[in-house]
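A structural walkthrough
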Amino acid sequence: MKQKLLQIEKEFECEISKVSSIEQLEEIRVKYLGRKEGLITIVFKDLAKLGADEKAQSGKLINELKQKITQAFEHKAIQVSGKTSAKAGKAAIDVSLPGIKRELGHAHPLTIVFDEICGLFVEMGFRVVEGPEIETEYYNFEALNIPLEHPSREAFDTFYLENKFLLRSHTSPVQVRFMEESRPPVQIVVPGRVYRPDATDASHSYMFHQIEGLLIDKGITFAHLKGVLTVFAKKLFGEKTKMRFRPHFFPFTEPSAEMDVSCIICSGKGCSVCKQSGWLEILGSGMVHPNVLKAGGINSKVYSGFAFGMGVERIAMLKYGIDDIRLFFENDTRFVRQFS
Ligand code: DAH
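Keep in mind it's a predicted model, so treat the numbers as computed, not measured.

So, how was this worked out
- Residues numbered from 1 in each chain as written.
- Predicted model: local features only at pLDDT ≥ 70, side-chain atom pairs only at ≥ 80, totals over all residues.
- Heavy atoms only, no water.
- Near = heavy atom within 4 Å.
- Polar contact = N/O pair within 3.5 Å; in protein donor to acceptor, adjacent residues only side chain to side chain.
- Areas by Shrake-Rupley, 256 points an atom, 1.4 Å probe, with all protein chains shown as cover.
- Helix = DSSP H or I, 4+ residues; strand = E, 2+ residues; numbered from the N terminus.
- Nonpolar A, V, L, I, M, F, W, Y, C, P; charged D, E, K, R; others polar.
- Phe/Tyr/Trp six-rings, centres within 6.5 Å; stacked < 30°, edge-to-face > 60°.
- Buried < 20%, exposed > 50% of the residue type's maximum accessible area, 1.4 Å probe, protein only.
- Domains from an automatic or database assignment.
- Core = buried A, V, L, I, M, F, W, Y, C linked by side-chain atoms within 4.5 Å.
- Pairing = 2+ DSSP bridges.
- Axes fitted to C-alpha atoms, helices over the stretch in contact; angles between N-to-C directions.
- Parallel < 35°, antiparallel > 145°, perpendicular 65-115°, else oblique.
- Left-handed = near helix turned anticlockwise from the far one by under 90°.
- Contact = heavy atoms within 4.5 Å.
- Patch = residues over 30% accessible without salt bridge, like charges linked within 9 Å, V, L, I, M, F, W, Y side chains within 5 Å.
- Salt bridge = Lys/Arg side-chain N within 4 Å of Asp/Glu carboxyl O.

Close contacts around the ligand come from 16 residues, with H170, S172, R196, Q210 and E212 the closest. One of the side-chain nitrogen or oxygen atoms of R196 is found 2.8 Å away from an oxygen atom of the ligand. When the ligand is considered free in solution it has 360 Å² of accessible area, and contact with the protein chains removes 92% of it. When contributions to the shell around the ligand are tallied by element, the ones reaching two or more residues are β5 (207-217), β8 (279-288) and β9 (304-311). Split by residue class, the shell around the ligand holds 5 nonpolar, 9 polar and 2 charged.

The next subject is the packing of aromatic side chains. For the structure on display, the rule yields 14 aromatic pairs. Judged by centre distance (5.0 Å) and plane angle (25°), the rings of F121 and F308 are stacked. Placement of F121 in helix α5 (residues 109-123) and of F308 in strand β9 is noted, with a sequence separation of 187 residues between them. Of the two residues, F121 and F308, both sit in the buried class. Relative to F308, the ring of F126 has its centre 6.4 Å away and its plane inclined at 70°; by these criteria the two rings are edge-to-face. Of this pair, F126 sits in the loop between α5 and β1 (127-128) while F308 is found in strand β9, placing the two residues 182 residues apart along the sequence.

As far as domains go, the chain holds domain 1 (2-89) and domain 2 (109-339). Averaged C-alpha coordinates put domain 1 and domain 2 at centres separated by 76 Å.

Buried together is how nonpolar side chains tend to be arranged in soluble globular proteins. Formed by 44 residues in total, the largest nonpolar core has its most connected members in I117, F121, F232, F308 and M310. Among the secondary structure elements, those contributing two or more residues to this core are α5, β5, α8 (222-237), β7 (253-262), β8, β9, α10 (312-320) and α11 (333-336).

To continue, consider the pairing of β9. The sheet contact formed by β5 and β9 spans 8 bridges and is antiparallel. When the sheet's bridge partners are listed, G213 is paired in β9 with F308. Note: β8 against β9, 5 bridges, orientation antiparallel. Directly across from M287, in β9, lies its bridge partner F306.

Where α5 meets α8, the closest approach of the two axes is 10 Å, and the angle between their N-to-C directions is 135°. Between α5 and α8, the angle is such that the two are oblique. Between α5 and α8 lies a crossing of right-handed hand. Across the interface between the two elements, E116, I117, L120, F121 and E123 of α5 pack against V228, L229, F232, K235 and L236 of α8. Looking at side-chain class alone, the contact of α5 with α8 contains 7 nonpolar, no polar and 3 charged residues.

Bringing the sheet that holds β7 into the picture now. Think of a sheet as strands paired side by side through backbone hydrogen bonds, with each pair either parallel or antiparallel. Strand order across the open sheet formed by 7 strands is β1-β4-β5-β9-β8-β7-β6, with mixed pairing between neighbours. Each edge of the open sheet is held by one strand with a lone partner, namely β1 and β6 (243-250). Running over the sheet, α5 touches β1, β4 (186-195), β5 and β9 and is turned about 5° from β5. Lying on the sheet, α8 is in contact with β6, β7, β8 and β9; it crosses β8 at an angle near 150°.

Cis geometry marks the peptide bond from P184 to P185, where omega comes out at 0°. Mapping P185 onto the fold places it in the loop between α7 (173-181) and β4. E254 connects to P255 through a cis peptide bond whose omega is -5°. Tracing the backbone shows P255 in strand β7.

Moving on to the pairing of β4. Counting buried residues in β4 gives 8 out of 10 residues, a clear majority hidden from the surface. For β1 and β4, the ladder comprises 2 bridges, and the chain directions are parallel. When the bridges of β4 are listed, R127 appears paired with I188. Bridge count between β4 and β5: 10 bridges; the pairing is antiparallel.

Together, I134, L161 and F165 line one region of the surface with nonpolar side chains, adding up to about 270 Å² of accessible area. On the secondary structure map, L161 appears in the loop between α6 (137-140) and β3 (165-167).

Here's what the structure looks like:
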């Protein structure tokens, strides 16, 4: 056995001295230290055939040789890789290789616009609240003064689920949900996702986002509505922005108005984005209908309020000059990365 070990040692010294690459080194490692068929493993197995005395002696010698080989091997690994890594014996780490790039995340453009708009209202004392996306017919329609047979239901048509549940087609249902749970003054904005059975194209999506606003107190008038929304539009689009309110119909407000801002692309001169009108429609608004206040348990003889609702994608598209709503939802990082 002693002879055999000396022979292994000699052979190893000879072979390791010729090594000049990691690949050769690995070959030698397998030959001598390999767990299954390495020479050291084999001589360890041979021990079993020996008598007790010789077994102890030879065992010690094999261990010494194994240590020698391991040390020489590690030493050589450092030389070959030119590095002083502690792990060099196993797999040398080439510290000159480029590292693994960790991508840093950032907010999605819609999140940026959500945060900016809600932030502006928070500065004016509004609270941000949310409501469920799976709604009942009652909150999506009836509580908002849209009776079953009323033609205006069609404008807020949606996807119907079982048991009279549906996907909300606007954030307005949260108005009534919130009123039911609180007493005036109410001053909230409601960001959220909404659904409509629209065919998808550059300006339509079956799912999009809205921000709803509601303010109720004693003595609230249309002047408050105009004041708040004027401050909002000027902060969002710039001090020079002009506003105009056009009469409109919404079942849940009376009177109702749509608000336009002077076109942020051409400053009102007329361009393709504003269809040469100089104006861009931004939101719907109005004085909360007495029936809606009643549904929320608020006495319309004592309190009054205004509400508004806007599409977040539309505002983001105008703000950033985005011409296709689908870009927001396709998860193409080339698009999203532009907002980091
Ligand atoms: N819910 C309306 C829609 O989806 C938007 C809206 C208009 C909300 C007027 C309001 C409002 O609160 O007063 O088109």
